[in-house]
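# Tertiary structure, described
Residues per chain, in single letters:
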Amino acid sequence: MTDMNAQATHKHATPKSVLVTGATGYIGGRLVPRLLEAGHQVKVLVRSPDKIAGVPWRDKVEVVESSLDDGDALREALSGVDVFYYLVHSMAAGAGFEAKEKAMAATAAEAAAAAGVGRIVYLGGLHPQDVKLSTHMRSREAVGKVFLDSPVDAIVFQAGVVIGSGSASFEMIRHLSETLPLMPAPSWVRNRIEAIAVRDVLYYLVSAASLEGPINRTFDIGCRQVLTYAGMMKEYAAEAGLPYRVVLALPVPAPKLAGMWVALTTPIPLSMAVPLVQSLQHDAVSNEHDIDQYIPQPDGGLTPYRTAVALALGKERDGQVETTWASAGADSDPLPSDPEWAGHKVYIDERTFHGDVDPAHVWTIIEGIGGRNGWYSLPLAWQVRGWLDKLTGGAGLLRGRRHPHTLAAGEVVDWWRVERIERGKLLRLRAEMRAPGRAWLELSVEPDGGGSRYRQRAIFFPKGLSGRLYWLAVLPFHSLIFPAMARNITAAAQKLADADRAGVTP
């Protein structure tokens, strides 16, 4: 197909019926609205529909509640579907990881074939040939091969480092560059990397739905600009207005040690940092540019690396981050209902505080909690707990939040995840920090006379004796943090109300 024909196919595409998996993830959550904008009819398959309850496109798609392990349900969901987007890849590890990923892809391929799907689209990783790949890169290659070997035509895009607001790769580069003006680093920082802007990844994914004719192959995609990883950090520093960064490449690969260092200095948890670092052990540069024969480059051409950095920084600065790498958190059991606490041993720290301020102003503070806005009590204590969590492989406080003022179910707030939100009334956060038990923090507000009543509950289900000892150990800190938190949130709401009355921005 010539470039001219490809351009015509792209611009005069027939709307298709598509099913997207991974719609709660970083790429999938951005792809869905763009598919809708292109005129396609979209289904999404999710395990937890609550995770997309707050997204703006929720009412424009058909939601199928299921998992990729259920072949029968998947086959039914794929009935009548033209294009199947498979955007699921776990960053977990452990025994059987590769076999599980491959088996799940095989189930998906069989279901697609049985349902008469016309095309599978998969996003894999850019990697060299004939080298020993890391576990995760090997797994992604194997999943792509499953689809290419199936009876259904498959387009397998192979992308390197994805640069966009909220992407794991961008956050890793950003925090390393901003934290370390002089960085001793393993030798792989000299490896050649071809990044790609998230907008270009989405452009290719959307375009794949409209291609005509049988196509069953991989396509390398990138920005066509090759840098070393050290060069990417230096370019980031220049774009962000930071002093020149010095990166010293040491003759030691040390991927696991480097992964631990990344986990400590960036928002990326250890479980994710290690596979990310391992994927950088080899050059990641396009071996071919055949995609140009099928899909024309976007208007204005592919996005250069530094432009992608500038766009990502601008999105973060303006609070316009659509999705983040942390969006795709693991599902967890929700807080059991209050009556009898479903048989659990439970510890509760509950605080209430009455204020003369309108409940709407209290809610504004509640929904904006965490991230750069902080936790309204003893910042040093929160930071210490965050670093302790990081040292034990947890999320810590560096993840922040996607938007400074609004939240949706499933989003992260530092080491918490939004489990439930009733806008204007209640915010329930589930802890993802390392602790011997399960923890939640509930913040709520209701009218109380001429003002409001703020309610705050910390709930902890201990696991064994260590969990009970942990609760006793943190009680002294709770006695300082939680009362101050209740008072300061109400005081912040009062300050916001005063500013509104004065017609100024607080």
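How each quantity is defined
- Residues numbered from 1 in each chain as written.
- Predicted model: local features only at pLDDT ≥ 70, side-chain atom pairs only at ≥ 80, totals over all residues.
- Heavy atoms only, no water.
- Core = buried A, V, L, I, M, F, W, Y, C linked by side-chain atoms within 4.5 Å.
- Buried < 20%, exposed > 50% of the residue type's maximum accessible area, 1.4 Å probe, protein only.
- Helix = DSSP H or I, 4+ residues; strand = E, 2+ residues; numbered from the N terminus.
- Contact = heavy atoms within 4.5 Å.
- pLDDT = per-residue confidence, 0-100.
- Pairing = 2+ DSSP bridges.
- Axes fitted to C-alpha atoms, helices over the stretch in contact; angles between N-to-C directions.

Glancing now at the nonpolar core. By size, the foremost hydrophobic cluster in this structure holds 41 residues, and its most contacted members are Y85 and F157. The set of elements that each furnish at least two residues to this core consists of β1 (17-21), α2 (26-37), β2 (41-46), β4 (83-86), β5 (119-125), β6 (153-159), α7 (198-208) and β11 (217-221). If you tally residues by element for this core, the top one is α7, at 8 residues. Contact partners of F157, with chain neighbours within four places excluded, come to V121, Y122, L123, G124, Y204, L205, A208, F219, I221, I291 and I295. In terms of nonpolar packing, the next biggest core, distinct from the first, is built from 40 residues, L180, A197, V262 and I268 among them.

Attention now moves to the confidence of the model for the protein. Put simply, the protein has an average pLDDT of 86, and 91% of its residues get 70 or more. Taken together, the stretch residues 1-10 has pLDDT below 50 and engages in 18 contacts with residues farther than four places along the chain or on a different chain.

Let us look at the sheet that holds strand β14 (residues 347-355). Spatial ordering of the open sheet is given by β14-β19-β18-β17-β16-β15, a layout of 6 strands whose pairing is antiparallel. Two strands lie at the open edges of the sheet, namely β14 and β15 (412-413), each paired on one side alone. Looking at chain direction, strand β16 (residues 416-422) and strand β17 (residues 426-431) are connected through 6 bridges and run antiparallel. By the bridge assignment, E422 is partnered in β17 with L426. Running at roughly 160 degrees to strand β18 (residues 437-448), helix α12 (residues 359-367) makes contact with β16, β17, β18 and β19 (451-462) of the sheet. Most of the contacts of helix α14 (residues 464-502) go to β14, to which it runs at about 5 degrees, and overall it touches β14, β18 and β19.

Side chains of β4 alternate between two faces, with V83 and Y85 and F84 and Y86 buried alike. Examined bridge by bridge, β1 and β4 share 4 bridges and lie parallel to one another. Across the sheet, residue V18 finds its bridge partner in β4, namely V83. Pairing between β4 and β5: 4 bridges, direction parallel. Along β5, the bridge assignment pairs V83 with R119.

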